[in-house]
Amino acid sequence: MMEKTHVTDLYRKLLKSLLLLMLLGPVSLAAQDRSLQNVVDRASQAGMDRDRISEIQQRANQSGIGEQDLAALLEPAVELVEQNLPADFVIRKMMEGFAKNVPAGRMSPVLESIREKTPQAALLADNWMAKPEVNSFMKSVGENQSRFRRDLISANLKSLSQNVDAGVLEGVLSELGQESVLRDRSPQAVVAAVGVLPDLPESVLQEGGVRAVLARAVGSGFSASDLQKLPGAMNAAERRSQLPAASILNGMSDQIGNGVPANQILQNLFNGNINAGPPEGIPGRPDKGPPGSRNGSGSGNGGF
């Protein structure tokens, strides 16, 4: 009887040891998979530029980031490339962290958050590009469609990563997706209109009318450079005019409708001159552009 009990105990110990080995095996393998050399090899195999990888390693070394930490920081970018998704925004954020000497522990959750949001940003871009109303515009983009997709995903991602409500982003894309807005417009202007969202004053972004105003700006010929100056101009307009965001948006919309050139509109906003009329000799335009609702949502800044 005692011999049988001893055999049973021995069997149980062996079974526990076997289970422990089974549990530890994947952990050891995962740790090995996360070594810097393994992550770098995966990056190269997935098509990431080798010079870019070398630059990342060099900058990490200069910032005092160890190999284990760098492997963890690179992982989100490599996973995206392996899924045929752009990793540009993750890499830019990583390089920004190196430049600011941000500790790896603070960078890691930010980069992981960007990785998690990238599929949503890509889906928004792909759905927009597939709209029938966007078909003519995409044909005009021609052989640069892959680059445009990558840039639009990055712009979407910038907004999502800085807590712009997804509904606001979708609303802006919807307004921008009209044939009348896109006719003869540059891809860079479309990308810029999305990319400036996190930089706009929060009060402006909370106004649903911002969607139509951005679309009208693109449709009236605002360049990417003009649009990138818009957040600063709107901040100045709020500060100097002391008017609510809705009034500023209405004033800008009226100026566009009156045929005021983009550079003059920006200057008017910087000066707090919200209700400027058309320049001398330029008649007002009868069209009022695409309508916009006023049920937007706010934003905040994220990252490090």
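(A) Spotlight on helix H4 (residues 67–82). Across its 16 residues, H4 extends 21 Å between first and last C-alpha, which sits within 8% of the 22 Å expected from 1.5 Å per residue. At Glu-75, H4 shows its largest kink, close to 35°, and the proline Pro-76 lies no more than four residues downstream. Considered for burial, the residues of H4 that qualify are Leu-70, Ala-71, Leu-73, Leu-74, Glu-75, Pro-76, Ala-77, Val-78, Leu-80 and Val-81. In the core, the buried residues of H4 are packed alongside helix H2 (36–46), helix H3 (50–62), helix H5 (88–99) and helix H6 (104–129).

(B) Seen up close, the side chain of Glu-75. Note on placement: Glu-75 falls in helix H4. Judged by its relative accessible area of 16%, Glu-75 is buried. Aside from chain neighbours lying at most four places away, what touches Glu-75 is Val-39 and Arg-42.

(C) Seen up close, unusual backbone geometry. Of note, the phi angle at Asn-84 is positive, near 60°, even though the residue is not glycine. Mapping Asn-84 onto the fold places it in the loop between H4 and H5. A relative accessible area of 65% means that Asn-84 is categorised as exposed. Of note, Asp-184 is a non-glycine position whose phi angle comes to about 60°, a positive value. Residue placement: Asp-184 occurs in the loop between helix H10 (179–182) and helix H11 (187–195).

(D) Summary view of the nonpolar core. Membership of the largest hydrophobic core comes to 90 residues, with the highest contact counts inside it found for Phe-98, Trp-128, Phe-148, Leu-176 and Met-252. If we ignore the near neighbours within four places in the chain, the residues touching Phe-98 are Ile-56, Arg-59, Ala-60, Ser-63, Ile-65, Leu-70, Leu-73 and Met-107.

(E) Broad picture of the confidence of the model for the protein chain. When pLDDT is averaged along the protein chain, the result is 84; 79% of the residues meet or exceed 70. Mean pLDDT in the protein chain bottoms out at helix H1 (residues 2–33), which sits at 45, and peaks at H11, which reaches 97. Segment residues 1–7 is flagged for pLDDT under 50; beyond a separation of four residues in sequence, or across chains, it makes zero contacts in the model. Contacts for the low-pLDDT stretch residues 17–32, under 50 throughout, to residues beyond four places or in other chains number one contact.

(F) Seen up close, the pattern of salt bridges. A full pass over the atoms with the stated rule returns eleven salt bridges. As a salt-bridge pair, Asp-126 and Arg-149 come within 2.7 Å of each other at their nearest N and O atoms. With Asp-126 in helix H6 and Arg-149 in helix H8 (residues 145–161), this pair connects stretches of sequence that are 23 residues apart. Here Arg-149 falls in the partly exposed class, since its relative accessible area comes to 23%. Ionic contacts of the salt-bridge type, sharing partners, join the residues Arg-42, Glu-75 and Glu-82 into one network.

(G) Representation of the packing of aromatic side chains within the structure. If you walk through the whole model with that rule in mind, you get three aromatic pairs. Judged by centre distance (6.0 Å) and plane angle (75°), the rings of Trp-128 and Phe-137 are edge-to-face. Accessibility expressed as a relative area gives 2% for Trp-128, which makes it buried. According to the relative accessible area criterion, Phe-137 is buried, its value standing at 3%. Between Phe-137 and Phe-148, the ring centres sit 5.6 Å apart and the planes meet at 70°, which makes this aromatic pair edge-to-face. Residue Phe-137 is found in helix H7 (residues 135–141), and its partner Phe-148 is found in helix H8; the two are separated by eleven residues along the sequence. Of the two residues, Phe-137 and Phe-148, neither departs from the other in class, the shared state being buried. Three or more aromatic residues joined by ring pairs make a cluster, and in this case those are Trp-128, Phe-137 and Phe-148.

(H) Main features of the packing of H11 against helix H14 (residues 224–241). Look at H11 against H14: their axes get within 8 Å of each other, and the N-to-C directions meet at 10°. Compared by their axis directions, H11 and H14 come out roughly parallel. Handedness of the crossing formed by H11 with H14: right-handed. Judged by residue contacts, Gln-188, Ala-189, Ala-192 and Ala-193 of H11 engage Ala-224, Leu-227 and Gln-228 from H14. The residue inventory of the contact of H11 with H14, partitioned by class, reads five nonpolar, two polar and no charged.

(I) Quick peek at the layout of surface pockets. Each pocket or cavity is described by its volume, and for the largest pocket that value is around 400 Å³. Taken together, 19 residues form the lining of the largest pocket, with Asp-151, Pro-187, Gln-188, Val-191 and Ala-192 sitting closest to its centre. At the level of elements, H5, H8, H11 and H14 are the ones that each hand at least two residues to the lining of the largest pocket. Split into classes, the residues belonging to the lining of the largest pocket amount to eight nonpolar, five polar and six charged. The calculated volume of the second largest pocket comes to roughly 300 Å³. Along the wall of the second largest pocket there are 14 residues; nearest its centre are Leu-85, Pro-86, Ala-87, Asp-88 and Arg-150. Of all the secondary-structure elements, those providing two or more residues to the lining of the second largest pocket are H5 and H8. Counting residues per element, the lining of the second largest pocket draws most heavily on H8, which supplies four residues. Split by residue class, the lining of the second largest pocket holds eight nonpolar, three polar and three charged.

Reading guide: rules and limits
- Note on numbering: residues in each chain are counted from 1, in written sequence order.
- Totals for whole chains, interfaces and linings use all residues, but because this is a predicted model, local features are given only for residues with pLDDT of at least 70 and pairs of side-chain atoms are given and counted only at 80 or more.
- Heavy atoms from the whole structure form the basis of all side-chain values; hydrogens and water molecules are not counted.
- To qualify as a helix, a DSSP run of H or I must reach at least 4 residues; to qualify as a strand, a run of E must reach at least 2; elements of each kind are numbered from the N terminus.
- What a helix is expected to span follows from its residue count: subtract one and scale by 1.5 Å.
- Think of it this way: the bend at a residue is just the angle between two axes, each fitted to seven residues, one set ending at that residue and the other starting at it.
- The buried label applies to any residue whose accessible area, calculated with a 1.4 Å probe on protein chains only, is under 20% of its type's maximum; exposed applies above 50%, and partly exposed to all values in between.
- We call two residues in contact whenever any of their non-hydrogen atoms come within 4.5 Å of each other.
- Residues enter a nonpolar core if they are buried and are Ala, Val, Leu, Ile, Met, Phe, Trp, Tyr or Cys, with the set joined through side-chain atoms within 4.5 Å.
- Along the chain, pLDDT gives the predictor's confidence residue by residue, from 0 to 100.
- A side-chain nitrogen of Lys or Arg and a carboxyl oxygen of Asp or Glu constitute a salt bridge if their distance falls within 4 Å.
- Here a pair means two rings of Phe, Tyr or Trp (six-membered ring of Trp) with centres within 6.5 Å. Their orientation is stacked below 30 degrees between planes, edge-to-face above 60, and tilted elsewhere.
- Convention adopted: a line fitted to C-alpha atoms gives each axis, helices being fitted over their contacting stretch, and angles between N-to-C directions are expressed from 0 to 180 degrees.
- The labels follow the angle: roughly parallel below 35 degrees, roughly antiparallel above 145, roughly perpendicular from 65 to 115, and oblique for the rest.
- In a left-handed crossing the near helix is turned counterclockwise from the far helix by less than a right angle, and in a right-handed crossing that turn is clockwise.
- As a working rule, the residues Ala, Val, Leu, Ile, Met, Phe, Trp, Tyr, Cys and Pro are called nonpolar, Asp, Glu, Lys and Arg charged, and the rest polar, with Gly in that last group.
- Using a grid of 1 Å spacing that covers the protein atoms alone, one calls a set of points a cavity when a 1.4 Å probe fits there but cannot get out, and a pocket when the set is open and has protein on both sides within 12 Å along at least five of seven lines; lining residues are those with an atom within 4 Å of a point.
- Grid points are joined across faces, edges and corners, and a volume is the space filled by probe spheres set on the points.

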